[in-house]
Amino acid sequence: MDFYRKVRAQQDQVDDGTLKVSVFTEDGTRPVKDALVRISYTGESGQTVEEVRTDSSGQTPVLDLKTPPLEYSMEPVEEQPYAEYTIQVEAEGFENTEIAGTQVLPGVQAQQAVKMAFRAEASFERLVIGPHTLFAEYPPKIEESEVKPVDESGEIVLSRVVIPEYIVVHDGSVNDTTAPNYYERYRDYIKNVASSEIYATWPDDTIRANILAIMSFTLNRVYTEWYRNRQ
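What this report covers is the structure whose coordinates are included nearby.

Basis of the calculations
Residues numbered from 1 in each chain as written. Predicted model: local features only at pLDDT ≥ 70, side-chain atom pairs only at ≥ 80, totals over all residues. Heavy atoms only, no water. Helix = DSSP H or I, 4+ residues; strand = E, 2+ residues; numbered from the N terminus. Buried < 20%, exposed > 50% of the residue type's maximum accessible area, 1.4 Å probe, protein only. Contact = heavy atoms within 4.5 Å. Pairing = 2+ DSSP bridges. Axes fitted to C-alpha atoms, helices over the stretch in contact; angles between N-to-C directions. Salt bridge = Lys/Arg side-chain N within 4 Å of Asp/Glu carboxyl O. Expected span 1.5 Å × (residues − 1). Arc of directions from axis to C-beta. Patch = residues over 30% accessible without salt bridge, like charges linked within 9 Å, V, L, I, M, F, W, Y side chains within 5 Å. Areas by Shrake-Rupley, 256 points an atom, 1.4 Å probe, with all protein chains shown as cover. Phe/Tyr/Trp six-rings, centres within 6.5 Å; stacked < 30°, edge-to-face > 60°.

A few points about the overall build of the protein chain
Looking only at helices and strands, the protein chain features four helices and ten strands. Taken from N to C terminus, the helices and strands of the protein chain fall in the order α-β-β-β-β-β-β-β-β-β-β-α-α-α. Taken over 231 residues, the protein chain has a buried fraction of 32%. Of the contacts formed within the protein chain by residues at least 6 apart in sequence, a portion of 61% connects residues at least 24 apart.

Have a look at this one:
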């Protein structure tokens, strides 16, 4: 979808969704009180549709925002099923922060966390959220055999199922040893994957089934040490 078509689509919204913004310090340990939060359509950052301030918990009020029709997210269609908003945050003592592309679906509440760095030499940070994987065209999943060889050396069999607090996320293909690894909270990783692969407007049973599949796949990678065995 080209830029001008996206802007026109943003202005032709018929349903409503909600958005709540949470503002914290960069390390996530402290809420940022009285931060100025401006909301605009992505692509039209100069035209503010909402302007609010955070409370003592770093939270904005729940904001009602326009979205495309609900049916766009229930069946495959060419139209973008969510509205994209840009969030600009200013707070005394912090660098100005902008997040572009926050996705808001009809009838559900989107939650966007914003982490602000203490003011230094730089004065502005901009993050861009890519299009949803169900809407944009991304490279296909790397093929792999369903039955994987298991090496006897180094295997550890746990006496019980253990859900890890943190997992290592490899930011690249399985054979790319130059790609960086990141330590992420397991719960945050599952939430992030789910929000990028399914729509919140789907029926609850559908959402639960997809999240269980994501959890099963992730834990399989952890317990079989698939990436480590490939090195």
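As for the sheet that holds strand S7 (residues 109-116)
Think of a sheet as strands paired side by side through backbone hydrogen bonds, with each pair either parallel or antiparallel. Spatially, three strands are ordered S4-S1-S7 in an open sheet, and the strand pairing comes out mixed. On the outer flanks of this sheet lie strand S4 (63-67) and S7, each paired with one strand and no other. The mean angle between the axes of side-by-side strands here comes to 35°, regardless of whether they run parallel or antiparallel. The sheet contact formed by strand S1 (residues 15-25) and S7 spans eight bridges and is parallel. Across the sheet, residue Lys20 finds its bridge partner in S7, namely Gln111.

Focus: the pattern of salt bridges
Charged atoms that come close allow side chains of opposite charge to pair. In the structure shown here, the tally under the stated rule is six salt bridges. Across the salt bridge formed by Lys66 and Asp16, the nearest N and O atoms sit 3.4 Å from each other. One end of the pair, Lys66, is in strand S4; the other, Asp16, is in strand S1, with 50 residues separating them in the sequence. For Asp16, a relative accessible area of 42% corresponds to the partly exposed category. The salt bridge involving Asp34 is made with Arg53; its shortest N-O contact spans 3.9 Å. Linking Asp34 in the loop between S1 and strand S2 (36-41) with Arg53 in strand S3 (residues 48-53), this pair joins segments that are 19 residues apart in sequence.

Topic: helix H3 (residues 204-224)
Here H3 spans 30 Å end to end across 21 residues, near enough to the 30 Å set by a 1.5 Å rise per residue. Taken together, the buried positions of H3 are occupied by Ile207, Ile214, Thr218, Leu219 and Arg221. Down the axis of H3, the sector holding all buried residues measures 150°, keeping them to one side. Every exposed residue of H3 that faces more than 90 degrees away from the buried side is listed here: Asp205, Arg208 and Leu212.

Quick word on a nonpolar patch on the surface
A grouping of Val161, Val162, Ile163, Val222 and Tyr223 is seen on the molecular surface, where their side chains present a nonpolar patch of about 420 Å² in accessible area. With respect to the helices and strands, the residue Tyr223 is situated in helix H3. Assessed through its relative accessible area of 36%, Tyr223 is described here as partly exposed.

A look at the packing of aromatic side chains
On inspection of all chains with the given rule, the structure shows five aromatic pairs. Taking 5.1 Å as the distance between ring centres and 25° as the angle between the ring planes, the aromatic pair formed by Tyr41 and Tyr85 counts as stacked. On the criterion of sequence distance, the pair formed by Tyr41 in strand S2 and Tyr85 in strand S5 (residues 83-90) is long-range, its members being 44 residues apart. Comparing Tyr41 with Tyr85 shows no difference in burial state: the two are buried. A ring pair is formed by Phe94 and Phe118, whose centres lie 4.8 Å apart and whose planes are at 25°; its orientation type is stacked. Highlighted residues: Phe94 in the loop between S5 and strand S6 (96-104) and Phe118 in the loop between S7 and strand S8 (124-128), separated in sequence by 24 residues. Since its relative accessible area comes to 6%, Phe94 is described here as buried. Taken together, the ring pairs connect Tyr82, Phe135, Tyr199 and Trp202 into an aromatic cluster.

Focus on the pairing of S2
Burial within S2 is extensive, with five of its six residues counted as buried. Both S2 and S5 contribute to a ladder of six bridges, which runs antiparallel. Bridge assignment links Ile39 to a residue of S5, and that residue is Ile87.

The analysis is restricted to geometry; functional conclusions fall outside its scope.
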